[in-house]
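Summary of structural features
One letter stands for each residue in the lines below.
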Amino acid sequence: DAMVIQNPRYQVTQFGKPVTLSCSQTLNHNVMYWYQQKSSQAPKLLFHYYDKDFNNEADTPDNFQSRRPNTSFCFLDIRSPGLGDAAMYLCATSRGGRNLQETQYFGPGTRLLVL
Amino acid sequence: AQSVTQPDIHITVSEGASLELRCNYSYGATPYLFWYVQSPGQGLQLLLKYFSGDTLVQGIKGFEAEFKRSQSSFNLRKPSVHWSDAAEYFCAVPVGLSNFGNEKLTFGTGTRLTIIP
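Every residue gets a number counted from 1 within its own chain, in the order that chain's sequence is written. In the order they appear in the text, chains get letters beginning with A and ligands get numbers beginning with 1. Whole-chain, interface and lining totals are the exception, using all residues; otherwise, since this is a predicted model, local features are given only for residues with pLDDT of at least 70 and side-chain atom pairs are given and counted only at 80 or more. Side-chain measures here rest on the full set of heavy atoms in the structure, leaving out hydrogens and waters.

1. Quick look at the interface of chain B and chain A
This is how it is decided: Here, residues are in contact when the closest pair of their heavy atoms is within 4.5 Å. Each salt bridge in this description consists of a side-chain nitrogen of Lys or Arg and a carboxyl oxygen of Asp or Glu lying within 4 Å of one another. Whenever two N or O atoms come within 3.5 Å, that pair is a polar contact, provided that in protein one can donate a hydrogen and the other can accept it, and provided that, for residues adjacent in sequence, both atoms are side-chain atoms. Numbering of helices and strands runs from the N terminus, with a helix taken as a DSSP run of H or I at least four residues long and a strand as a DSSP run of E at least two residues long. Put simply, Ala, Val, Leu, Ile, Met, Phe, Trp, Tyr, Cys and Pro go in the nonpolar bin, Asp, Glu, Lys and Arg in the charged bin, and everything else, Gly too, in the polar bin.
Across the contact, 26 residues belong to chain B and 30 residues belong to chain A. For the pair chain B and chain A, the number of links is 1 salt bridge. With a closest N to O distance of 2.7 Å, Glu 57 of chain A and Lys 104 of chain B form a salt bridge. At the boundary of chain B and chain A, one finds 7 residue pairs in polar contact (both at pLDDT 80 or more). Of all elements in the fold, only strand E5 (33-38), strand E6 (44-50), strand E10 (87-97) and strand E11 (102-107) of chain B reach the threshold of two or more residues within the side of chain B that touches chain A. For the side of chain B that touches chain A, the per-class residue count stands at 13 nonpolar, 10 polar and 3 charged.

2. Topic: the packing of aromatic side chains
Spelled out, the test is: A pair of Phe, Tyr and Trp rings is counted when the ring centres sit within 6.5 Å of each other, with Trp represented by its six-membered ring. The angle between the planes then sorts it: under 30 degrees is stacked, over 60 is edge-to-face, the rest tilted. Only protein chains enter the accessibility calculation, which uses a 1.4 Å probe. A residue is then buried if its area is under 20% of the maximum for its type, exposed if over 50%, and partly exposed in between.
Counted under the stated rule, the structure contains 18 aromatic pairs over all chains. Ring geometry for Phe 47 of chain A and Phe 54 of chain A: centres 5.4 Å apart, planes at 50°, overall tilted. Using a relative accessible area of 1% as the deciding quantity, one classes Phe 47 of chain A as buried. Relative to Phe 74 of chain B, the ring of Tyr 50 of chain B has its centre 6.0 Å away and its plane inclined at 40°; by these criteria the two rings are tilted. Highlighted residues: Tyr 50 of chain B in strand E6 and Phe 74 of chain B in strand E9 (residues 73-78), separated in sequence by 24 residues. A relative accessible area of 0% means that Phe 74 of chain B is categorised as buried. Pairwise contacts between aromatic rings join Tyr 33, Tyr 35 and Phe 106 of chain A together with Tyr 32, Phe 34, Tyr 36, Phe 51, Phe 90 and Phe 107 of chain B into one cluster.

Shape descriptors only; they carry no functional weight alone.
Structure, rendered in structure tokens:
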């Protein structure tokens, strides 16, 4: 039944040690998004893919990268996590389109802790 | 730029009481508006959305929202809350991304709802 799956649900990493978060979807949606949500804050878009086309938000740090090897999977790579990167990372999908009416479907999130 | 504001950071309601969560939008034309709910430690789930037409929108879990242009508001309501409604509620507006014609969601700061017996 799960439509947007994120693994792991909890990730602990060390300061500066690269980490990869995973997202998969069974909806066959064109667009996949990564949002960062810090404690008691609203989610903030980091980047998104439309099919294989990558779009980075202007204020997303270079430390954050993403890969989308196929329609179903998308990865978030944090090259050198800092303490300020501790957050919930949310993956979302949508069919994509130009009418601003598409629903985004969110996964349960991965909570990242940086020690 | 389109944005939404949620004036209430935290609201406490007794179980069985009615609920209204406020959302104000900033946009000249008629915006598209969404309400999402986030249960503790979980992702976001769409409650309802407004695009046009009937200004009273019905959603899941017994929620509804009313679009009021005169007040620039899209408040979320529920006539009788249940303990399971305790969560964070986000109002959101889609913002076009020029590259591919897709959109991102710009969220309000959220309202945390606590239910007391």
